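# Structural overview
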Number of protein chains: 2
Amino acid sequence: FARGRCLLERLGRLVRRGGPACGASHPHPHPHPHPHTLQPQQRRHIFLARDDTRSWLGLGLGAAPLWKRGLASSSSAGAMPALERGAYATLTEEDLDVFRGIVGAANVLTSEEDLAGHNRDWMGKYEGASKLALRPKTTEEVSRVMKHCHERGLAVVPQGGNTGLVGGSVPVFDEVVVSMARMDAVRSIDPLSGVLICQAGCILQNLDDQLQEVGLVMPLDLGAKGSCHIGGNISTNAGGIRYLRYGSLHGSVLGLEVVLANGEVLDVLHSVRKDTTGYDLKQLFIGAEGTLGLVTAAAIHCPPRPLFKNVTFLQCRSFPDVLSTFQRARAELGEILSAFEFLDKESLDLSLRVHTDLKNPLDGGGGADDEEGERPFYIVLETSGSNEAHDNEKLHSFLESAMEADMVTNGAVAQDGSQFQSFWRIREGVPEALTSYKAMYKYDLSIPLQTMYTLVEEIRQRVGDRAYVVGYGHLGDGNLHLNLAADSYSEELLS
Amino acid sequence: FARGRCLLERLGRLVRRGGPACGASHPHPHPHPHPHTLQPQQRRHIFLARDDTRSWLGLGLGAAPLWKRGLASSSSAGAMPALERGAYATLTEEDLDVFRGIVGAANVLTSEEDLAGHNRDWMGKYEGASKLALRPKTTEEVSRVMKHCHERGLAVVPQGGNTGLVGGSVPVFDEVVVSMARMDAVRSIDPLSGVLICQAGCILQNLDDQLQEVGLVMPLDLGAKGSCHIGGNISTNAGGIRYLRYGSLHGSVLGLEVVLANGEVLDVLHSVRKDTTGYDLKQLFIGAEGTLGLVTAAAIHCPPRPLFKNVTFLQCRSFPDVLSTFQRARAELGEILSAFEFLDKESLDLSLRVHTDLKNPLDGGGGADDEEGERPFYIVLETSGSNEAHDNEKLHSFLESAMEADMVTNGAVAQDGSQFQSFWRIREGVPEALTSYKAMYKYDLSIPLQTMYTLVEEIRQRVGDRAYVVGYGHLGDGNLHLNLAADSYSEELLS
């Protein structure tokens, strides 16, 4: 119990003045953000502009994504799966003229320099060969662009912030990139009902900043918030670190405006919180990765903004202890628990090794970390609520009880905005740190909590020295990030 | 400000010992429960067993429900819209033998006595003429029943707790009733991830009782909880009084098992909280009223159960004041606000007139009620949280500030379980009280908050003496119940 005392002494500093208010939360200073990734099954979709509307709404029962169909074929670019280009038309000078007439010459990008950022994902793992990126400003422009592509049989890939980690937002061959970057208008914010209506190209962080002014908060938050678009979040059904608190976009998204493959505009942009009229068509576009249509605008329910936040960095001896801590946090912190992320020791070591400005908040604090042969786990736990004193009291009492039960062996509570930020950066810096390796295999898995970490251990044992294996993720929503990093991509490792 | 003092004195009693803990919340003693109703557009669907699977999944783009198609025709039963029976087969003795072979003779109901409850809705407004109700126990039995009906061309209506107010759960003509009453098994509850998996015929209250034992709560709650089935809740996309806190079933439902019209079983019964694999097909069945398939089982995410609750009964001078109070409650009560219901004076008067055991909690308390010519509004506001002292302090401070700002003119805080229950019964007793009239027109509307009550005032002015008009509902999710009660149904009133 001696170790417990150590934390409790630190906790003495908990009731602080002028701690980080909510708005000051964790900025995301990394130039290359890392959004919540997708499940492996979802990588590589192509927007098949040729298909008619019926098959677009055909629920995908018949239409396998191109990459699956082409798996057995030859051509391959780097680490991408072997694919074959579909029988799509090739761009002509006439097409460019048509597009210039729709979006204006300045928004028809054709130079290699202009296209570089649109052809390549931020990890540099996937690269396409598009000859054209379009930057429409309005839904009508998107509709006219899609109508032309549909008539001409040109393949299209919609692109948001291009922050995805599974190559879904870059072309595979020479698809036309439809970038949503200029569609960044906020149409309305209603402080009373909490409804935000905006274009799909709005950057998540910008939306959250605007909502803050009227006491609201975006119901999702992820590392890429500084660059990712809300349209991309919706199309990939992004979860992120507030999923635990605010739930799925299937609940938060009240309405969508979508341009279908043939240019038709589907307007289900309801802004009432509860709408039970007819079938809920918009749900199909949430997580469809643009394969059913291109999301151009959304109505989103935004909850009241919590006024105060606390972040703690905790250490547990084992994964079962992490699970017990989670269960106790859910029960004791109840309505103020807003994030519960875990990292294994390998993830922590990697993050600290690459981000040299960060250090382990528990260094010198004693605890299991010092014991020989132990491989502890770490938790970033956040609370947010509307009353600072109440929040602090709840957190204090939870930590005391978790240490008394010996679930948590060590821990620290962020004392100011800079600590708040650095605790978060340790966790959020893991994906970025992985890019220090030449080859990465990323898996984003939703599996039952009890068996979650067993998978990491098994993979680690199987690959041995051939790769560095890390496991981390959003425990709150049963979401594990299992990543392998190595010096080169290899078929042997994949198998 | 003198009025304010009055409330604050009552509030002196707020910090109580042994107040109603959460589990003791408001039981629903009315024998005839009243669930959250549907939008008018959704009334009267028939499960068209003859259609093939493709058109069932055809998103309703082409297939209008039967009652719409038959609107211009003749036959009419009481207050029901004029409908014409489709070209469905008629039951034979051979059919009954087949069904006996599937569900057992005891669960094939054919006597008038046994069928009475299945043919009639609880308001007694809609009545069908089914000759057969089946009570399957397993998904396989449902599948076999549907397969037979499909092959024979027999029309089917699925039936849950039959607590609906818009006639969606009773037959129109002689459809086969498939009652889910015996499919009430809880398959599993995982306290760690909060995932409940159960059959569709489980009664909402029973599920909540079982969850309470492991510290979880159902993410929805409505007046009919004592009789309504979770399958019916899902099929009607029920909202209810906790929508404000836990959001839509589109977010809470993790997976479904559905039997399609041809008997095929669609198993999307995922139990992980976040699943982004492929299209989210299950969403289509939420709110589809059984027209796309029959929900047989569900996986539902259940949040940690709050430990303490408070209920207050407040009075405002005007509807704009109700809106201001709502906005302030969202901001100041933040994460502990769990319900915000409003009633107009007409609703309150009606509820108290019929439920003679209830009385106005504000009687004798002074306030605007006593002022001549005023038509005040009333609010039932509930908080729930994990720390009693914190909750009480937040509520106290909110009420003080709302009265100081003169938004709230009077109010009372429930002091014990019986007051807690009676405050809720005033609000929940309105629909039941309406049944004291011979004719009822019920509308359940989702409209922008600002203009919500204007509609009630306009309707009241239009109908004049011909009907008693009440407006009440879930302000938290922008949901207005607008009901007209009269001595008889009349075409004149409807127009």
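As the structure is a computational prediction, the values presented were derived from the model and not from experiment. (Residues numbered from 1 in each chain as written. Chains lettered and ligands numbered in written order. Predicted model: local features only at pLDDT ≥ 70, side-chain atom pairs only at ≥ 80, totals over all residues. Heavy atoms only, no water.)

## Regarding the environment of F308 of chain B
Residues and elements named next belong to chain B. With respect to the element layout, F308 can be found in strand β10 (residues 308–316). A relative accessible area of 25% means that F308 is categorised as partly exposed. Residues F308 and A105, 203 residues apart in the sequence, show an inter-C-alpha distance of 48 Å. (Helix = DSSP H or I, 4+ residues; strand = E, 2+ residues; numbered from the N terminus. Buried < 20%, exposed > 50% of the residue type's maximum accessible area, 1.4 Å probe, protein only.)

## Brief notes about the packing of aromatic side chains
Counting across every chain of the model gives 17 aromatic pairs over all chains. These aromatic residues form a ring-pair network of at least three members: F319, F342, F377 and Y453 of chain A. The ring centre of Y468 of chain B lies 5.3 Å from the NZ or CZ of R353 of chain B, which sits over that ring. (Phe/Tyr/Trp six-rings, centres within 6.5 Å; stacked < 30°, edge-to-face > 60°. Lys NZ or Arg CZ within 6 Å of the ring centre and 35° of its normal.)

## A short note on the sheet that holds strand β11 (residues 337–344) of chain A
Residues and elements named next belong to chain A. With antiparallel pairing, the 7 strands of this open sheet are ordered in space as β13-β10-β12-β11-β15-β16-β14. This sheet does not close on itself; its edge strands, each paired only once, are β13 (410–413) and β14 (439–446). Within this sheet the neighbouring strands show an average axis-to-axis angle of 15°, counted without direction. Note that β11 and strand β15 (residues 468–474) share 3 bridges and pair antiparallel. The residue bridging E341 from the neighbouring strand is H474, located in β15. Strand contacts of helix α12 (residues 345–354): β10 (308–316), β11, β12 (377–385) and β15, with the helix running at about 100° to β15, the strand carrying the most contacts. On the sheet, helix α14 (residues 417–434) packs against β10, β11, β12, β13, β14, β15 and β16 (479–486) and is oriented at approximately 60° with respect to β10. (Pairing = 2+ DSSP bridges. Axes fitted to C-alpha atoms, helices over the stretch in contact; angles between N-to-C directions. Contact = heavy atoms within 4.5 Å.)

## So, the domain arrangement of chain A
All names here are of chain A. Taken domain by domain, chain A comprises domain 1 (93–179), domain 2 (187–274 + 281–301) and domain 3 (308–493). For domain 2 and domain 3, the distance between their C-alpha centres works out to 28 Å. Counting residues at the interface gives 8 residues for domain 2 and 16 residues for domain 3. When the buried area of domain 2 at its contact with domain 3 is split by residue, I241, L244 and R245 rank highest and sum to 66% of it. Seen at the junction of domain 2 and domain 3, the total is 1 salt bridge. Across the salt bridge formed by E382 and R242, the nearest N and O atoms sit 2.8 Å from each other. Where domain 2 meets domain 3, there are 4 residue pairs in polar contact (both at pLDDT 80 or more). Here the side of domain 2 that touches domain 3 is built from residues that sort into 4 nonpolar, 2 polar and 2 charged. (Domains from an automatic or database assignment. Buried area = accessible area lost by both parts, 1.4 Å probe. Salt bridge = Lys/Arg side-chain N within 4 Å of Asp/Glu carboxyl O. Polar contact = N/O pair within 3.5 Å; in protein donor to acceptor, adjacent residues only side chain to side chain. Nonpolar A, V, L, I, M, F, W, Y, C, P; charged D, E, K, R; others polar.)

## Brief notes about the nonpolar core
Counting 103 residues, the largest nonpolar core has M218, I230 and L256 of chain A together with M218, I230 and L256 of chain B as its most contacted members. Not counting chain neighbours up to four residues away, the residues in contact with I230 of chain B comprise C198, Q199, A200, C202, L204, L207, M218, L220 and I300 of chain B. (Core = buried A, V, L, I, M, F, W, Y, C linked by side-chain atoms within 4.5 Å.)

## A short note on the state of the cysteines
In total, this model carries 0 disulfides over all chains according to the counting rule given. This cysteine, C198 of chain A, is not joined by any disulfide, and C202 of chain A carries the nearest cysteine sulfur, 4.2 Å off. (Disulfide = S-S within 2.5 Å.)

## Quick notes on the pattern of salt bridges
When the charged atoms of two side chains with opposite charge come close together, those side chains can pair. Applying the stated criterion to the full structure yields 42 salt bridges over all chains. Close ionic contact of E93 of chain B with R100 of chain B constitutes a salt bridge, the shortest N to O distance being 3.6 Å. Residue K345 of chain B pairs with D349 of chain B through a salt bridge whose shortest N-O separation is 3.3 Å. One end of the pair is K345 of chain B and the other is D349 of chain B, both in helix α12 (residues 345–354) and 4 residues apart, which spans about a single turn. Residue D349 of chain B is classed as partly exposed on the basis of its relative accessible area, which comes to 29%. One continuous salt-bridge network, built from bridges that share partners, spans D221, K225, R242 and E382 of chain A.

## Regarding unusual backbone geometry
Residues and elements named next belong to chain A. Phi at N162 is positive, roughly 55°, even though this residue is not glycine. Here N162 lies in the loop between β3 (156–159) and β4 (176–179). According to the relative accessible area criterion, N162 is buried, its value standing at 11%. At D406, a position not held by glycine, the phi torsion is positive, near 65°. Relative to the elements of secondary structure, D406 occurs in the loop between α13 (388–404) and β13. Exposure remark for D406: the relative accessible area of 39% places this residue in the partly exposed category.

## Observations concerning the pairing of strand β15 (residues 468–474) of chain B
All names here are of chain B. Counting buried positions over the 7 residues of β15 gives 7, a clear majority of the element. In the sheet, β15 pairs with strand β16 (residues 479–486) via 7 bridges, with the strands oriented antiparallel. Among the inter-strand pairings, G473 is bridged to a residue of β16, identified as L480. In this antiparallel pair of consecutive strands, β15 and β16, the connection spans 4 residues, and G478 shows a positive phi of 65°.

## A closer look at the packing of helix α4 (residues 93–103) of chain A against helix α6 (residues 139–152) of chain A
All names here are of chain A. At their nearest, the axes of α4 and α6 sit 9 Å apart, and the two run at 165° to each other. Judged by the inter-axis angle, α4 sits roughly antiparallel to α6. Between α4 and α6 lies a crossing whose hand is right-handed. Judged by residue contacts, D95, V98, F99, G101, I102 and V103 of α4 engage E141, R144, V145, H148, C149 and R152 from α6. Across the contact of α4 with α6, the residue classes tally to 6 nonpolar, 2 polar and 4 charged. (Parallel < 35°, antiparallel > 145°, perpendicular 65-115°, else oblique. Left-handed = near helix turned anticlockwise from the far one by under 90°.)

## A look at helix α7 (residues 204–212) of chain A
Of the residues making up α7 of chain A, those classed as buried are L204, L207, D208 and L211 of chain A. Seen along its axis, α7 of chain A keeps its buried residues to an arc of 100°; they face one direction. (Arc of directions from axis to C-beta.)

## A closer look at the side chain of E257 of chain B
Residues and elements named next belong to chain B. In this structure, E257 sits in strand β7 (residues 253–259). With a relative accessible area of 9%, E257 lands in the buried category. A distance of 3.4 Å separates the side chain of E257 from the side chain of R187, its partner in a polar contact. A distance of 2.8 Å separates the side chain of E257 from the side chain of T296, its partner in a polar contact. Discounting residues that sit within four places of it in the chain, E257 has contacts with T139, R187, V265, L266, L269, L294, V295, T296 and A297.

## Quick notes on helix α11 (residues 319–333) of chain B
Owing to its 3.6 residues per turn, the α-helix brings residues three or four apart onto one side. Residue and element names in this part refer to chain B. With 15 residues, α11 extends 20 Å between its outermost C-alpha atoms, agreeing within 8% with the 21 Å of an ideal straight helix rising 1.5 Å per residue. For α11, every residue scored as buried is listed here: F319, D321, V322, L323, T325, F326, A329, R330 and L333. Positive phi shows up at G334, right after α11, with a value of about 45°. (Expected span 1.5 Å × (residues − 1).)

## Points about the sheet that holds strand β1 (residues 108–109) of chain B
Each strand in a sheet pairs with its neighbour through backbone hydrogen bonds, running either in the same direction (parallel) or in the opposite one (antiparallel). Residues and elements named next belong to chain B. As summarised here, the arrangement of the 4 strands in space is β1-β2-β4-β3, forming an open sheet in which the pairing is mixed. Since the sheet does not close on itself, it has two edges, and those belong to β1 and β3 (156–159), each with one partner. Across 2 bridges, β1 lies against strand β2 (residues 133–134) in antiparallel orientation. Each bridged residue has a counterpart across the sheet, and for V108 the counterpart in β2 is L134.

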